[in-house]
Amino acid sequence: MYNHILRENKHRNSPMPEGPWVMTQKWEDLLFLNFPVPIDTLRAHIPSGLDLDTYEGRAWLTVIPFRITDMRMRLLPPFPYIRKFLELNVRTYVKKDGIPGIYFFSLDASKLLPVLGARMTTLPYYYAKMNMKKEGDWFHYYSKRRSLDHPVFKGKYRAVSKDFYPESGTLNYWLTERYYLWTNVKNILLSGGIHHQPWKIAEADARLEQEEYPPFLSNTNNEEEMLFLYASSMRVLFWPFKRVK
């Protein structure tokens, strides 16, 4: 299953994960809301063992609202309740032993069961009230976390260019082509690998009414410095998280 995806790996900038993949998701209608953040601000929130990655001397943070339309475990049929849900990720860019990847500050999801399952094992998921709808060519997205800090994302976005593959060495490539994920659970650093075909993206327009992710940066973002990208879909394969030695 998905052997055609596994065979297409020359675009990777890091080794393929070892062993078989364990889960797959299909991501659709993603907005990459990218903005630069002072290096010292982000470094203070990165666990030891990881190096903050920068592009031309600048650190970046990305908020990604999207929807998951097909999640399933390897060799198992999909579970109807958790197959589809909305998700909003907040991430920055790191390296470990020279390998580029992603560090997640949070992942909000619209269904409770995936949140509970993920929090028990690896990633910092949160249960959120979320809604996504399309009107014309605009995607309207709303997320409000169901916890005490309850940050809010509310806005709309759309693609405004033809799809393209980002060129190696560009900021667009640096932001998107990453195949390792790191997280910190009870002061234990964990690493997980993913694989997918090369990102095909478009320039995007976004109109933000509220954007409070992550909470430690709320209301400090300069919209003029934001870089908006859109991707219509991506099939992603996941490998299990492992403790970093």
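Before reading on, note that the structure itself is shown above.
Residues numbered from 1 in each chain as written. Predicted model: local features only at pLDDT ≥ 70, side-chain atom pairs only at ≥ 80, totals over all residues. Heavy atoms only, no water.

Regarding the pairing of strand β5 (residues 99-109)
Part 1: Most of β5 is tucked away, with 10 of its 11 residues classed as buried.
Part 2: Bridge count between strand β4 (residues 85-96) and β5: 10 bridges; the pairing is antiparallel. Residue Arg-91 lies in a different strand from β5, and its bridge partner there is Phe-104.
Part 3: Between the antiparallel neighbours β4 and β5 lie 2 residues, among them Asp-97 with a positive phi of about 55°. (Buried < 20%, exposed > 50% of the residue type's maximum accessible area, 1.4 Å probe, protein only. Helix = DSSP H or I, 4+ residues; strand = E, 2+ residues; numbered from the N terminus. Pairing = 2+ DSSP bridges.)

Looking at the nonpolar core
Part 1: Of all hydrophobic cores here, the largest spans 67 residues; its most connected members are Leu-33, Leu-61, Val-63 and Phe-153.
Part 2: Residues within four places of Phe-153 in sequence aside, it is in contact with Leu-31, Leu-33, Val-63, Pro-65, Leu-88, Tyr-141, Tyr-142, Ser-143, Leu-208, Gln-210, Glu-211 and Tyr-213.
Part 3: Within the second largest apolar cluster, 5 residues are counted, among which are Tyr-2, Ile-5, Trp-21 and Trp-239. (Core = buried A, V, L, I, M, F, W, Y, C linked by side-chain atoms within 4.5 Å. Contact = heavy atoms within 4.5 Å.)

Digging into the pattern of salt bridges
Part 1: Inspection of every chain in the model, using the stated rule, returns 15 salt bridges.
Part 2: With its nearest N and O atoms 3.0 Å apart, the salt bridge here joins Arg-83 to Asp-70. On the criterion of sequence distance, the pair formed by Arg-83 in helix α3 (residues 80-83) and Asp-70 in strand β3 (residues 59-73) is long-range, its members being 13 residues apart.
Part 3: The shortest N-O distance in the salt bridge between Glu-135 and Lys-133 comes to 3.5 Å. (Salt bridge = Lys/Arg side-chain N within 4 Å of Asp/Glu carboxyl O.)

Some thoughts on a nonpolar patch on the surface
Part 1: A cluster of nonpolar residues, Val-22, Met-73, Leu-76 and Phe-79, forms a patch on the protein surface that exposes about 330 Å² of accessible area.
Part 2: Tracing the sequence through the fold places Leu-76 in the loop between β3 and α3. (Patch = residues over 30% accessible without salt bridge, like charges linked within 9 Å, V, L, I, M, F, W, Y side chains within 5 Å. Areas by Shrake-Rupley, 256 points an atom, 1.4 Å probe, with all protein chains shown as cover.)

Things to note about the side chain of Lys-96
Part 1: Structurally, the position occupied by Lys-96 is in strand β4.
Part 2: Within the structure, Lys-96 has its side chain in polar contact with the backbone oxygen of Gly-49 (distance 3.2 Å).
Part 3: Residues in contact with Lys-96, not counting those within four places in the same chain, are Gly-49, Leu-50, Trp-182 and Val-244. (Polar contact = N/O pair within 3.5 Å; in protein donor to acceptor, adjacent residues only side chain to side chain.)

Let's talk about the side chain of Arg-235
Part 1: Mapped onto the secondary structure, Arg-235 falls in strand β12 (residues 227-238).
Part 2: Arg-235 gets classed as buried once you look at its relative accessible area, which sits at 16%.
Part 3: At a separation of 3.1 Å, a polar atom in the side chain of Arg-235 contacts the side chain of Thr-24.
Part 4: Within the structure, the side chain of Arg-235 is placed 2.9 Å from the side chain of Asp-70, a separation counted as a polar contact.
Part 5: Beyond its immediate sequence surroundings of up to four residues, Arg-235 is in contact with Tyr-2, Ile-5, Thr-24, Gln-25, Lys-26, Asp-70, His-195 and His-196.

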